[in-house]
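Here's the letter readout for the chains.
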Amino acid sequence: MQWRSILVGLVVLRLSLSCMLWLAFGLGPSWGFNFHLGFNLHKLDLLFREEKETEPRDNSWSERIHGPRYEETETTCASAGEESPKRSYLSFFDGNKDEYVRRYSSFPDTLKAKMKDMAKEMFYFGYDNYMKYAFPEDELNPIDCEGRGPDVQNPSNININDVLGNYSLTLIDTLDTLLVLGNVSEFQRAVKLVIDTVSFDKDSTVQVFEANIRILGSLISAHILLTDPKHPFGNVGFEGYDNELLHLAHDLAVRLLPAFENTSTGIPYPRVNLKNGVPPDSVNETCTAGAGSLLVEFGILSRLIGDSTFEWVARRAVRALWNLRSNETGLLGNVVNIQTGQWVGKQSGLGAGMDSFYEYLLKSYILFGEKEDYRMFTAAYESIQNHMRRGRESCNEGEGDPPLYVNVNMFSGEIMNTWIDSLQAFFPGLQVLNGDVDDAICLHAFYYAIWKRFGALPERYNWQLQAPDVLFYPLRPELVESTYLLYQATKNPFYLHVGMDILQSLEKNAKVRCGYATLHHVVDKSKEDRMESFFLSETCKYLYLLFDEDNPLHKSDNKYIFTTEGHVVPIDKRFREKQWNDDFPCEEGALTEREPVNQPAPRNISNCNRIPEERRYTLPLKSIYMRQIDHMVGVF
């Protein structure tokens, strides 16, 4: 009977701890306090309690895993708690508030200029070494100072072959970054190199999504900047340019078109061979983001050349995915069979496999003015808020855990796992474009806390275990992008500090002999010999723009957005004009009986006045909430 004595002893210990916590703070064990003992004892407590009805959802996402806080009973010291005035559990984080104010509330101009120069030097260290050691290959191996192309010996190595097509990827992906940094002469030289050396008539099997956002998007962006008399970078055209970049973009898009053929749903195959079309052994499964994030680039191309084909197939794919969403939740899954329309992956989230699908619904509306895109976005955003969002209602007020978006089952809305991935860090930036600056502030703070702890963003972070699930960091730009957009919306110096932390971490942890290397392990900082093209195209670009207040993009009277690969695209009335009539039959349209036709007018996408004036130059998030998030992530 010894085990019973041990069991009773553990329960008594648990009750004693609960009493002490109720007396001190007015709460039992909470995820926010990181009392793992309390979590384990809850399992023992279940042996002595009858099962209860499921409690209604409240403002604590952590309790979806750990279970609700214990109800007050005679055995949980209710009477003692009633005799003492209860304090909010957030009072635990009241200490040393001024620490955050002192650190983040100002950023001198001299330091801003220093960080701007540091970001520029970071870009050129990577770019110059790519041109010296790797061009015309696709990527630079920054440790061995060598070029990298497709893995022809191992065609199944999709981690490499999905991206690298033997078409000077890094040079093309970087074109408009050279203009952002003000280097017109190098931009012109790079354009001429692309015209003279790049061909897509290659026996390379690439992912449609990656070729679209990295290659097609960059060619279109650079062409527009070369030929648009209203662009902010001055006279960057050169004599003899005859729309060659646009012709290259058209040629690539034609080679991607076979992905849309012979599918029962209109959702494209994930990969094509640039010379031979869809491979005979191609899989019939694709992710939602991969199939549904082609509309911006394909749409601009169609409107530039007056050929509706490209926008038509991209829009058909978006509508097909949209019509497969759940009737109960309005959510989509992350992997679908392109022939049957059945969901293979039923996880719905904001990260890998889903992210840019939502992004391009809103950005397509901003560019093309198609109300259908905005109706789909607002419906999707509402479903996200209803089923993925956990935590307190307000970012900067109230009790409970901070807002967090979790991965759920698309049909039931129930949590499927306890990790979030680094790609989700793009979402605060999208919320800024949608005018939800307050919510963006909170979610961004959570990802920044993870960065502070590790000096990088692990590919997956388990918020229950407070530890990485997948440990590598390939120099992704999403957190930097959201930091830049939040700074543009609020002008709060806090975000300059975030950018400085990211810059310094990259210099310390990722810099190697010939560039910046992927972190294989965010804890021990071991490295992989790879520098992906988006490091120069996006990460360095957003870091530079964050500190360059006088950049022509910021001073121009014209408006711009960035594609999901960070390419600059003007918001131009010519992209809202079509040279063709829509020929979608009504039954294929995205609108169904579930959606009202009369939607409210979209909010101002700049909408900075949603942040009260008195908060513009104080911390964007109250110190108590910043401290709470840091504690939950394990920063202290």
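Residues numbered from 1 in each chain as written. Predicted model: local features only at pLDDT ≥ 70, side-chain atom pairs only at ≥ 80, totals over all residues. Heavy atoms only, no water.

The protein is annotated in an unreviewed UniProt entry as alpha-1,2-Mannosidase of Pundamilia nyererei. Taken from UniProt, the Sequence similarities (unreviewed entry) comment for the protein reads in full: "Belongs to the glycosyl hydrolase 47 family." (UniProt positions renumbered as here; feature names shortened; annotations may be inferred.)

Draft legend 1. Fine view of the side chain of Lys112. Its location among the elements puts Lys112 in helix 6 (residues 109-133). Owing to a relative accessible area of 13%, Lys112 belongs among the buried residues under this scheme. Among residues more than four places away in sequence, those in contact with Lys112 are Phe107, Tyr487, Leu496, Phe547 and Glu549. (Helix = DSSP H or I, 4+ residues; strand = E, 2+ residues; numbered from the N terminus. Buried < 20%, exposed > 50% of the residue type's maximum accessible area, 1.4 Å probe, protein only. Contact = heavy atoms within 4.5 Å.)

Draft legend 2. Local environment of the environment of Gly299. Its location among the elements puts Gly299 in helix 14 (residues 295-305). Taking the C-alpha atoms as reference, Gly299 lies 8.1 Å from Phe368; in sequence the two are 69 residues apart. Residues in contact with Gly299, not counting those within four places in the same chain, are Leu294, Glu311 and Phe368.

Draft legend 3. Highlighting the sheet that holds strand 7 (residues 343-345). Sheet architecture is open: three strands sit in the order 5-6-7, paired in antiparallel fashion. The open sheet has two edge strands, strand 5 (285-287) and strand 7, and neither has a second partner. Neighbouring strand axes in the sheet, compared pairwise and without regard to direction, differ in orientation by 35° on average. As paired strands, strand 5 and strand 6 (residues 335-337) are joined by three bridges and run antiparallel to one another. For Cys287, the partnering residue across the bridge sits in strand 6 and is Val335. (Pairing = 2+ DSSP bridges. Axes fitted to C-alpha atoms, helices over the stretch in contact; angles between N-to-C directions.)

Draft legend 4. Just the packing of aromatic side chains, in detail. The tally for this structure, following the rule as stated, stands at 27 aromatic pairs. Seen from their ring centres, Phe123 and Tyr127 are 5.5 Å apart, and the 15° between their planes marks the pair as stacked. Here Phe123 pairs with Tyr127, and both are found in helix 6, just four residues apart, close to one helical turn. According to the relative accessible area criterion, Phe123 is buried, its value standing at 1%. Note on Tyr127: relative accessible area 1%, which makes it buried. On the basis of an interplanar angle of 80° and a centroid distance of 6.5 Å, the ring pair of Phe446 and Tyr447 is categorised as edge-to-face. No difference in accessibility class separates Phe446 from Tyr447, as the two residues are buried. Aromatic ring contacts, followed pair by pair, group Tyr100, Tyr104, Tyr448, Phe494 and Tyr495 into a single cluster. Over the aromatic face of Phe238 sits the side chain of Lys192, whose NZ or CZ is 4.9 Å from the ring centroid. The cationic tip of Arg460 hangs over the ring face of Trp419; the distance from NZ or CZ to the ring centre is 3.8 Å. (Phe/Tyr/Trp six-rings, centres within 6.5 Å; stacked < 30°, edge-to-face > 60°. Lys NZ or Arg CZ within 6 Å of the ring centre and 35° of its normal.)

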